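Examination of the molecular architecture
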Amino acid sequence: MSDHPTDSPSGSGGLPAASRLGLSLFTVYTLIYLGFVLLNAFAADTMEIVVVAGLNLAIVYGFGLIIVAIVMAFIYGFALRGDVDDAVASSERTNDAEGDAA
(Lines give C-alpha, C1' and ligand atoms only; values in the text may rest on other atoms or scores of the structure.)
Protein backbone atom coordinates (compact mmCIF):
# COMPACT_ATOMS: atom_id res chain seq x y z
CA MET A 1 0.00 0.00 0.00
CA SER A 2 1.29 3.47 -0.86
CA ASP A 3 1.92 6.21 1.70
CA HIS A 4 0.73 8.84 -0.77
CA PRO A 5 -2.95 9.69 -1.14
CA THR A 6 -4.31 8.64 -4.51
CA ASP A 7 -7.13 11.17 -4.54
CA SER A 8 -4.91 14.23 -5.03
CA PRO A 9 -6.61 17.07 -6.88
CA SER A 10 -5.64 17.01 -10.52
CA GLY A 11 -6.25 19.57 -13.18
CA SER A 12 -4.92 19.93 -16.66
CA GLY A 13 -2.30 17.41 -17.67
CA GLY A 14 -2.97 15.14 -14.72
CA LEU A 15 -0.50 16.97 -12.45
CA PRO A 16 -1.53 17.56 -8.85
CA ALA A 17 -2.21 21.17 -7.90
CA ALA A 18 0.95 21.27 -5.77
CA SER A 19 3.13 20.28 -8.71
CA ARG A 20 1.52 22.83 -11.02
CA LEU A 21 1.95 25.62 -8.49
CA GLY A 22 5.53 24.60 -7.74
CA LEU A 23 6.45 24.48 -11.42
CA SER A 24 4.80 27.85 -12.04
CA LEU A 25 6.68 29.50 -9.18
CA PHE A 26 9.91 27.85 -10.31
CA THR A 27 9.42 29.15 -13.87
CA VAL A 28 8.75 32.71 -12.68
CA TYR A 29 11.80 32.70 -10.41
CA THR A 30 13.99 31.21 -13.14
CA LEU A 31 13.00 34.00 -15.53
CA ILE A 32 13.73 36.67 -12.91
CA TYR A 33 17.10 35.08 -12.15
CA LEU A 34 17.86 34.72 -15.86
CA GLY A 35 17.39 38.48 -16.19
CA PHE A 36 19.94 39.01 -13.40
CA VAL A 37 22.48 36.69 -15.01
CA LEU A 38 22.02 38.15 -18.50
CA LEU A 39 22.38 41.70 -17.19
CA ASN A 40 25.63 40.73 -15.49
CA ALA A 41 26.93 38.89 -18.53
CA PHE A 42 26.04 41.32 -21.31
CA ALA A 43 25.43 44.69 -19.65
CA ALA A 44 27.67 44.71 -16.60
CA ASP A 45 27.91 48.50 -16.68
CA THR A 46 24.16 48.67 -16.05
CA MET A 47 24.63 46.95 -12.70
CA GLU A 48 26.80 49.87 -11.50
CA ILE A 49 23.92 52.36 -11.69
CA VAL A 50 23.02 53.70 -8.25
CA VAL A 51 19.35 52.98 -7.69
CA VAL A 52 18.39 53.57 -4.05
CA ALA A 53 20.21 55.06 -1.06
CA GLY A 54 23.65 54.70 -2.62
CA LEU A 55 23.11 51.04 -3.52
CA ASN A 56 23.81 49.92 -7.06
CA LEU A 57 21.47 47.82 -9.18
CA ALA A 58 23.44 44.62 -8.55
CA ILE A 59 22.88 44.86 -4.78
CA VAL A 60 19.23 45.83 -5.08
CA TYR A 61 18.51 43.11 -7.67
CA GLY A 62 20.34 40.51 -5.57
CA PHE A 63 18.38 41.34 -2.44
CA GLY A 64 15.24 41.42 -4.57
CA LEU A 65 15.95 37.85 -5.69
CA ILE A 66 16.25 36.74 -2.07
CA ILE A 67 13.02 38.48 -1.09
CA VAL A 68 11.15 37.06 -4.09
CA ALA A 69 12.33 33.54 -3.17
CA ILE A 70 11.09 33.95 0.42
CA VAL A 71 7.74 35.37 -0.73
CA MET A 72 7.30 32.49 -3.19
CA ALA A 73 8.08 29.98 -0.44
CA PHE A 74 5.34 31.53 1.73
CA ILE A 75 2.90 31.49 -1.20
CA TYR A 76 3.62 27.81 -1.81
CA GLY A 77 3.38 26.96 1.88
CA PHE A 78 0.10 28.77 2.45
CA ALA A 79 -1.42 27.46 -0.77
CA LEU A 80 -0.68 23.86 0.20
CA ARG A 81 -1.46 24.10 3.88
CA GLY A 82 -5.03 22.86 3.30
CA ASP A 83 -3.81 20.00 1.08
CA VAL A 84 -1.39 18.79 3.76
CA ASP A 85 -4.10 18.94 6.44
CA ASP A 86 -6.42 16.93 4.18
CA ALA A 87 -3.68 14.37 3.45
CA VAL A 88 -2.90 13.95 7.16
CA ALA A 89 -6.58 13.53 8.00
CA SER A 90 -6.98 11.01 5.18
CA SER A 91 -3.92 9.11 6.37
CA GLU A 92 -5.23 9.04 9.93
CA ARG A 93 -8.61 7.74 8.73
CA THR A 94 -6.83 5.01 6.71
CA ASN A 95 -4.67 4.02 9.67
CA ASP A 96 -7.73 3.92 11.97
CA ALA A 97 -9.60 1.76 9.47
CA GLU A 98 -6.66 -0.63 9.16
CA GLY A 99 -6.41 -0.82 12.96
CA ASP A 100 -10.12 -1.58 13.28
CA ALA A 101 -9.88 -4.30 10.63
CA ALA A 102 -7.09 -6.12 12.45
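Worth saying up front: this structure is predicted, and the values here are computed from it rather than measured.

Cut-offs used in this document
Residues numbered from 1 in each chain as written. Predicted model: local features only at pLDDT ≥ 70, side-chain atom pairs only at ≥ 80, totals over all residues. Heavy atoms only, no water. Helix = DSSP H or I, 4+ residues; strand = E, 2+ residues; numbered from the N terminus. Contact = heavy atoms within 4.5 Å. Buried < 20%, exposed > 50% of the residue type's maximum accessible area, 1.4 Å probe, protein only. Phe/Tyr/Trp six-rings, centres within 6.5 Å; stacked < 30°, edge-to-face > 60°. pLDDT = per-residue confidence, 0-100. Core = buried A, V, L, I, M, F, W, Y, C linked by side-chain atoms within 4.5 Å.

**Some thoughts on the overall build of the protein chain**
Scanning the protein chain from N- to C-terminus turns up 2 helices and 2 strands. If you list the helices and strands of the protein chain from N to C, you get α-β-β-α. Within the protein chain, contacts between residues separated by at least 24 positions form 46% of all contacts whose residues are at least 6 apart in sequence.

**What to know about the environment of L80**
Its place among the elements puts L80 in helix α2 (residues 57-101). With relative accessibility at 11%, the residue L80 sits in the buried group. Considering only alpha carbons, one finds L80 and L21, 59 residues apart in sequence, at a separation of 9.2 Å.

**So, the packing of aromatic side chains**
Two measures describe an aromatic ring pair: the distance that separates the ring centres and the angle between the ring planes. In this structure the tally under the stated criterion is 3 aromatic pairs. Summarising the aromatic geometry, the rings of Y33 and F36 are spaced 6.2 Å apart at their centres and angled 35° between planes, so their arrangement reads as tilted. Residue Y33 and its partner F36 are both found in helix α1 (residues 17-42); the two are separated by 3 residues, about one turn of the helix. Taking the relative accessible area as the measure of exposure, Y33 reaches 41% and is therefore partly exposed. Relative accessible area serves as the criterion here: at 17%, F36 is assigned to the buried category.

**Here we look at the confidence of the model for the protein chain**
Put simply, the protein chain has an average pLDDT of 81, and 66% of its residues get 70 or more. No element of the protein chain has a lower mean pLDDT than α2, which averages 80, and none a higher one than strand β2 (residues 55-56), which averages 94.

**Comments concerning the nonpolar core**
Counting 5 residues, the largest nonpolar core consists of F36, M47, L57, Y61 and L65. Per-element accounting of this core gives the leading share, 3 residues, to α2.

**A word on unusual backbone geometry**
One non-glycine residue, A53, lies in positive phi territory at about 50°. Checked against the element boundaries, A53 lands in the loop between β1 (50-52) and β2. Owing to a relative accessible area of 76%, A53 belongs among the exposed residues under this scheme.

**Things to note about the environment of V28**
For V28, the position within the fold is in helix α1. Residue V28 is classed as partly exposed on the basis of its relative accessible area of 40%. Counting along the chain gives 44 residues from V28 to M72, while the straight-line C-alpha distance between them is 9.6 Å.

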